[in-house]
Amino acid sequence: MIDSTFLFLKDQINNYLNLKTGESDTLDITPLTDNTGQVISDKLGLTLVNIEEERTIQQIPQLRPTSVGTVAKSNP
C-alpha cells in the first residue's frame, strides 16, 4: 500500500512540476544516500524517512482482566 501511495505522489508531483517548469520526470523515488554513503544531491527525490503505527485509531478491548481475577473497564 505504501508503494502505490509513493507512485501516486510521484506522478502527481511530476505532473505539477511539468506544468510549472516544462520538464518531465523531474522527481524520482530515491534513497537519501548512494551505495558509498554519500548524500545524493544532484536530483530531486522522494524518500520515506520515518513510519510509525497509529495506536489511537485501533480498537482496543475496554475490558481487561485484573490480577485479582475480576474484569476492569479501561480507556484505550
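Residues numbered from 1 in each chain as written. Predicted model: local features only at pLDDT ≥ 70, side-chain atom pairs only at ≥ 80, totals over all residues. Heavy atoms only, no water.

A.B. asks: Is there a simple way to think about the overall build of the protein chain in this case?
C.D. replies: Scanning the protein chain from terminus to terminus reveals one helix and four strands. When the helices and strands of the protein chain are listed from N to C terminus, the series reads α-β-β-β-β. Its C-alpha atoms give the protein chain principal-axis dimensions of about 70 × 35 × 15 Å. Buried positions account for 9% of the 76 residues belonging to the protein chain. Accessible area of the protein chain: about 6900 Å², with a carbon and sulfur share of 54%. One finds the centroid of the 6 positive side-chain charges in the protein chain at a distance of 13 Å from the centroid of its 10 negative side-chain charges. (Helix = DSSP H or I, 4+ residues; strand = E, 2+ residues; numbered from the N terminus. Buried < 20%, exposed > 50% of the residue type's maximum accessible area, 1.4 Å probe, protein only. Areas by Shrake-Rupley, 256 points an atom, 1.4 Å probe, with all protein chains shown as cover. Lys, Arg positive; Asp, Glu negative; His and termini not counted. Charge placed at Lys NZ, Arg CZ, Asp CG, Glu CD.)

A.B. asks: How should helix α1 (residues 2–21) be read in this particular structure?
C.D. replies: Count 3.6 residues to each turn of an α-helix, and residues three or four apart come out pointing the same way. Taking 1.5 Å as the rise per residue, α1 with 20 residues should run 28 Å; its terminal C-alpha atoms sit 28 Å apart, in good agreement. Regarding α1, the residues found buried are Phe6, Lys10, Asn14 and Leu17. When α1 is viewed along its axis, its buried side chains cluster within an angular range of 70° and face the same direction. Along α1, the residues that are exposed and aim more than 90 degrees away from the buried face are Phe8 and Leu19. (Expected span 1.5 Å × (residues − 1). Arc of directions from axis to C-beta.)

A.B. asks: Quick question: what am I supposed to make of unusual backbone geometry here?
C.D. replies: In most cases, non-glycine residues show a negative phi, while peptide bonds are predominantly trans. Located in the positive-phi region is aspartate 25, a residue other than glycine, with phi close to 50°. By the secondary structure assignment, aspartate 25 is in the loop between α1 and β1 (27–29).

A.B. asks: Please explain the side chain of threonine 30 as it appears in this structure.
C.D. replies: Inspection of the secondary structure puts threonine 30 in the loop between β1 and β2 (44–46). Judged by its relative accessible area of 12%, threonine 30 falls in the buried class. When neighbours within four sequence positions are excluded, threonine 30 is seen to be in contact with Lys43, Gly45, Leu46 and Thr47. (Contact = heavy atoms within 4.5 Å.)

A.B. asks: I'm lost on the side chain of lysine 10 in this one. Help?
C.D. replies: Inspection of the secondary structure puts lysine 10 in helix α1. Aspartate 28 provides the closest opposite charge to the buried, salt-bridge-free lysine 10, at an N-O distance of 4.2 Å. Setting aside its immediate chain neighbours within four residues, lysine 10 contacts Leu27, Asp28, Ile29 and Leu46. (Salt bridge = Lys/Arg side-chain N within 4 Å of Asp/Glu carboxyl O.)

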